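Structure at a glance
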Amino acid sequence: MNREEPSAAVPARDKQAEENLWQRHKAERGVWTEPMLAALARGLKGKKWFSLIDKVSTERTLQPAWEKVRRNAGACGVDGITIGRFEQNSQSRLPAVKEHLSKGTYQPKPVKRVWIEKPGSAEKRPLGIPTVTDRVVQAAVRMVIEPIFENRFAKHSYGFRPGRGCKDALRRVDELLRAGRPHVVEVDIRGYFDAIPHDRLMASVREHVADGRVLGLIEGFLKQGVMEGTELAKTVEDMPEDESQDESQGTPQGGVISPLLANIYLDPLDWLMAGAGIEMVRYADDMVVLCHTEEEAESALEKLREWMAGAGLTLHPDKTRTVDMNQADSHFDFLGYRYQRSRRGRLMRLVRPKSLRKLRESVKPRTRRANGRSMEAIVEDLNRTLPGWFGYFKHVKASQLGEIDGWIRMRLRSILRKRRGLEGRGRGIDHQRWPNRYFTKLGLFCLLDARETEIASLRNGVNC
């Protein structure tokens, strides 16, 4: 008797379980194979991965890497090639990149340095913009090596990791505060991304990656030259002394691979704190430690100082501190939120003052009184910002959302007053001239209404 063939309608393997295998290891299909994931799960002898460059240079890695870069958009680098221009010739550019990677002749170009505003500060911070080609290669390298490190990263690390985000970190902080850990260490590493020592970082990468060409690519990205404005590309050697930076440290903010490297360097700290029973919540270089007692908090801070000194890093003396959240008016900031104890003893979530200033600085230029646009156009413009802002800050105290709504409507009423030939801000009688429902009819996004709608939806969901 012939063996019965399996029905075409019944898959030979569980497709959902197969897909979960890639999701579980935060790996990209096509880049990571099932045998590689199995090896990752059981652990390699010697804990090192060899022969990875062929995974980086293959079309099945470079193509999705390019697609990620295209989706993220961003400015051009020092070569002036934009995302659009790269896309026009991607079918010829990607094979050229593949060939250089395969032959070991790929050389990263200098990064373009731009200066961006620091929210709530007169200072600016440098951002290094790699070329589109370099971003594609960095994305390819990251796709290949990220699962290797994700497999061992500590659970209380949330920043720039697949399947994790700010909200997860904030939820964990809430859980620990409710669990009776009111003594908080607010941690700030001075200039973290600019201070990471290359030799120690590369030693951490070499613990698990042994492919010399992949390691060479990572070192090349760490030691790229810098180009600022219309200057020629510079390396540390040809910079004037007052402009030079120590090329033995720092990972450029703006690079695709920089967040992963930053996490790799802080991973030993995560495990040190966890091994000592210390509850730390970390998002990249932003972190807080939550303790039961003041003594525990001081001990944790001392352990942090010792580790940072050994890692070539420094805690900011003014921004690193311990806080007793049992005290009225005490507070600490984390990921844009301010946790504050009211005078009556209630723990509140507020918008961090720097984050609030950033919103105001975004709204003010669009709501100047000398504004030639129609009110409908102004509202449409504001609505490009407000829903996303609410999506992140919707958990703050309701009255603060109401205050922000009121401030935005005041600025809109001030525009309407000026158009009537009146001076001053929109307040008092203007609330009758242009009541809140006037702006609701225009479609203005209202933060407080959005909060109430969401709460009602959650209640209905529970009742169902």
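Before reading further, recall that the structure is shown in the block above.
Report on the accompanying structure. Computed from a prediction, not measured in an experiment: that's the story for all the values here.

Another aspect to go through is unusual backbone geometry. Within the chain, A284 stands out as a residue other than glycine whose phi angle is a positive 55°. Here A284 lies in the loop between β5 (279-283) and β6 (286-291). The buried category is assigned to A284, whose relative accessible area is 5%. Despite not being glycine, D329 has its phi angle at roughly 70°, a positive value. Relative to the elements of secondary structure, D329 occurs in the loop between β7 (321-324) and β8 (331-334). On the basis of relative accessibility, which here comes to 39%, the residue D329 falls in the partly exposed class.

A few words now on empty space enclosed by the protein. Tallying each qualifying case throughout the model produces 2 cavities of 30 Å³ or more. Volume-wise, the largest cavity comes out at about 70 Å³. In terms of lining, the largest cavity is formed by D405, I408, R409, N436, F439, T440, L444, F445, C446 and D449. Broken down by secondary-structure element, the contributors of at least two residues to the lining of the largest cavity are α17 (398-419) and α19 (436-442). Within the lining of the largest cavity, the residues separate by chemical class into 5 nonpolar, 2 polar and 3 charged. For the lining of the second largest cavity, the elements supplying multiple residues, two or more each, are α11 (212-222) and α12 (258-275). It is α11 that contributes the most residues to the lining of the second largest cavity, 3 residues altogether. Of the residues belonging to the lining of the second largest cavity, the class tally is 6 nonpolar, 5 polar and no charged.

So, about the packing of helix α10 (residues 198-206) against α12. One way to put it is that α10 packs onto α12 with a least axis distance of 9 Å and a crossing angle of 85°. One way to sum up the angle between α10 and α12 is to call them roughly perpendicular. Contacts between α10 and α12 pair R200, L201, S204 and V205 from the former with L261, I264 and Y265 from the latter. Tallied by class, the residues present in the contact of α10 with α12 amount to 5 nonpolar, 1 polar and 1 charged.

Turning our attention to the environment of W49. Tracing the chain through its elements places W49 in the loop between α2 (34-42) and α3 (53-57). Residues in contact with W49, not counting those within four places in the same chain, are W32, M36, A39, L40, L44, I148, H208, V209, A210 and D211.

Cut-off values and rules
- Residues numbered from 1 in each chain as written.
- Predicted model: local features only at pLDDT ≥ 70, side-chain atom pairs only at ≥ 80, totals over all residues.
- Heavy atoms only, no water.
- Helix = DSSP H or I, 4+ residues; strand = E, 2+ residues; numbered from the N terminus.
- Buried < 20%, exposed > 50% of the residue type's maximum accessible area, 1.4 Å probe, protein only.
- 1 Å grid on protein atoms, 1.4 Å probe; cavity = no way out; pocket = protein on both sides within 12 Å on 5 of 7 lines; lining within 4 Å.
- Points joined across faces, edges and corners; volume = space filled by probe spheres on them.
- Nonpolar A, V, L, I, M, F, W, Y, C, P; charged D, E, K, R; others polar.
- Axes fitted to C-alpha atoms, helices over the stretch in contact; angles between N-to-C directions.
- Parallel < 35°, antiparallel > 145°, perpendicular 65-115°, else oblique.
- Contact = heavy atoms within 4.5 Å.

These results come straight from atomic positions and should not be treated as a statement about function.
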